[in-house]
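Structural features, examined
Each chain, written out:
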Amino acid sequence: MIATSPAVDHHCACCAGSYEPYDEYCSKCQMPVSLSQSVIAQGGGHGFISVLGASNAGKTVYLGLLLDILSKGPADFKGTAASSFAIELQEYVVNQLERRAFPEKTPTEADAWQWLHYKLTLAGKRGPRTADLVSPDFAGEAIATEISRPGLYPAVAHVVSRSRGLMILCDSVRVRDEGAGEDLFAMKVATYIAEHHQLLGSPTAKRASGPGLAVVFTKCDICPEAAHDPTAFAENNTPRLFDFCRQTFGKIKYFAAGVAGSTGLIADARGLQTCVPFHIQPYGVIEPLKWILGD
Amino acid sequence: MHVQQAIFTSTDRGQIKGYQLVAMSEGIDRNLAHELGGWSPSQLDNDDSAQWILSYYAASEERAVVARTFLGGAEYSGRGNQQVVTSILVLDNGQFSAYENNALSVCRAALTMGGLRLPARLPSRLEPLELPDFPFPFSRNAADDERADDGSWSPSRLTAGLWSEQVGDVPVEQRFVSALLSGQRLAIVGARNAWATMEDMLLSLPCENRRRLSFTTGLPPSLKRPFQVHFLLHVSPQVSQFLKSEAVTLIDVRTPHILSGQ
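Description of the structure in this document. Predicted, not measured: the structure shown is a model, and the values here were computed from it. (Residues numbered from 1 in each chain as written. Chains lettered and ligands numbered in written order. Predicted model: local features only at pLDDT ≥ 70, side-chain atom pairs only at ≥ 80, totals over all residues. Heavy atoms only, no water.)

When helices and strands are tallied, chain B shows 9 helices and 14 strands. The buried share of chain B, taken over its 262 residues, is 53%. For chain B, the share of sequence-separated contacts (at least 6 apart) that also reach a separation of at least 24 residues comes to 62%. As displayed, chain B has an accessible area near 12,000 Å², and 48% of this comes from carbon and sulfur atoms. (Helix = DSSP H or I, 4+ residues; strand = E, 2+ residues; numbered from the N terminus. Buried < 20%, exposed > 50% of the residue type's maximum accessible area, 1.4 Å probe, protein only. Contact = heavy atoms within 4.5 Å. Areas by Shrake-Rupley, 256 points an atom, 1.4 Å probe, with all protein chains shown as cover.)

So, on to the packing of helix 5 (residues 154-162) of chain A against helix 7 (residues 180-196) of chain A. Residue and element names in this part refer to chain A. As a packed pair, helix 5 and helix 7 sit with axes 9 Å apart at the nearest point and diverge in direction by 65°. Taken together, the axes of helix 5 and helix 7 are roughly perpendicular relative to one another. Of the two possible hands of crossing, helix 5 and helix 7 adopt the one that is right-handed. Residues Val156, Ala157, Val160 and Ser161 of helix 5 form the contact with helix 7, whose own contacting residues are Tyr192, Ile193 and His196. Of the residues assigned to the contact of helix 5 with helix 7, the class counts are 5 nonpolar, 2 polar and no charged. (Axes fitted to C-alpha atoms, helices over the stretch in contact; angles between N-to-C directions. Parallel < 35°, antiparallel > 145°, perpendicular 65-115°, else oblique. Left-handed = near helix turned anticlockwise from the far one by under 90°. Nonpolar A, V, L, I, M, F, W, Y, C, P; charged D, E, K, R; others polar.)

Listed by partner, the interface residues are 29 residues for chain B and 31 residues for chain A. Interface area lost by chain B to chain A is led by B:Lys17, B:His34 and B:Arg79, which between them contribute 26%. Counting across the chain B and chain A interface gives 2 salt bridges. The partner of B:Arg225 in a salt bridge is A:Glu109, with the nearest N and O atoms 2.8 Å apart. There are 8 residue pairs in polar contact (both at pLDDT 80 or more) connecting chain B and chain A. Among the elements of the structure, strand 2 (18-24), helix 1 (30-39), strand 4 (63-74) and helix 9 (237-245) of chain B are those that each provide at least two residues to the side of chain B that touches chain A. No other element matches the 4 residues that helix 1 of chain B contributes to the side of chain B that touches chain A. (Buried area = accessible area lost by both parts, 1.4 Å probe. Salt bridge = Lys/Arg side-chain N within 4 Å of Asp/Glu carboxyl O. Polar contact = N/O pair within 3.5 Å; in protein donor to acceptor, adjacent residues only side chain to side chain.)

What follows deals with unusual backbone geometry. In this structure, A:Asn56 is a non-glycine residue whose phi angle is positive, near 75°. Locating A:Asn56 in the fold gives a position in the loop between strand 1 (46-53) and helix 2 (59-71). We classify A:Asn56 as buried; its relative accessible area is 15%. The residue B:Ala247 is not glycine, and still its phi comes out positive at about 60°. By the secondary structure assignment, B:Ala247 is in the loop between helix 9 and strand 14 (248-252). By relative accessible area, B:Ala247 is classed as exposed at 60%.

Rendered as structure tokens:
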């Protein structure tokens, strides 16, 4: 009897491209190979969730705190890290916030992005079920660049196409104060999502079966009107996005989220200003994910 | 001669927020702008604002790029980082060959003419930079020496010793030259004077081969920047693993017999 070693799958969990055993990253989408191997080794269905938004919308803080809340969550909605490096983002964000600092800007280099891989346990009517959650912490510029000129950041396209649910994070303060720019960018992102899920011009039935889209207005500690009624806030301040999503997505909901109870600006001896959180008061962080997965 | 130039950094004034080409001269088209954005960094390994990094790569068959990267003050979003600024010159083949395909000569001339620096006010449009038609005469010995603690000049060219070494029956210089000509990628760790070492390498190569030799004197290794030669002060296990996966040969010049076994 000849002993054979089990076949090793050398295909990327994100783009299905092949990689060599000694590669650190997938050459097509730059997903870490170790993450790919972890996802595939653990088997089961894994769902990507895309968290998109402009630079400085709050993606890193949101994701890091989301993971921290999930890891301490109740049994009916709890997440555990599926691999050791998946905790790095959570650890980094929590440590920074505890030191009263926001995380540094996410690099545009795709091989420097943090990826998360969590196993979620959700209570359902027919008993508990599990779901794998995989998502990269994109740099906002990468999303914007890939939308306007595809090819430089292929991970964006692959993750968006494979996502069972998506979030568009919008800085509520910029939305309120800076006019049409934020509205137009968010609409660009929504159009990109719709394009990748073949929803543009599609019939109602197809739209209903498409992915859930959560639009999350961040930093609502400084913009209480967003927290008061996110849907009305969207309709009044991002009318283009609101109309487009209403016509295109069968499953769309608006949320408001905040992390810092209050923030301030500190200037150093050189006059360089840094925004600091005075204390952490998470609000609305977990609801968008619950809605997406509850779907 | 007039060469095209651009600046890549983080701003909230552009079409997108964050790192992007914020200013460029009229000779830079959309395709070239896209290429320049791909090679330009958004993070550095250290926050020493006195340090700067020189990089060179061929953006296309007709365009050579000389870029200087440095820290330029607080990043606009107030997240505590300093903004990374890359000032870029784009030369066509004729212009670059006038400088003997030597990016360091181009950099010296540009700095002398006031180029490759962050303007006091960030414009949205740049004028082409005027460079001399030929490189300035330059004494290498003066540039290579480092000032000692007591203020005197003392030679510090690590490469003087390095170039004269021999591994087996092959001189180090010859090994480097054959490695570079064959397209082998190298990461040189611990060189005290990356500029002098790089200049030695360039001058060891025939002029026509220098154009294809991309290098950086200190940018962090990244998939989107496949330089042929990297200079690094130190390398972490993660970076070492990454370089190995990209088939980059690591050369630590701080240890003896650095090329043994290679």
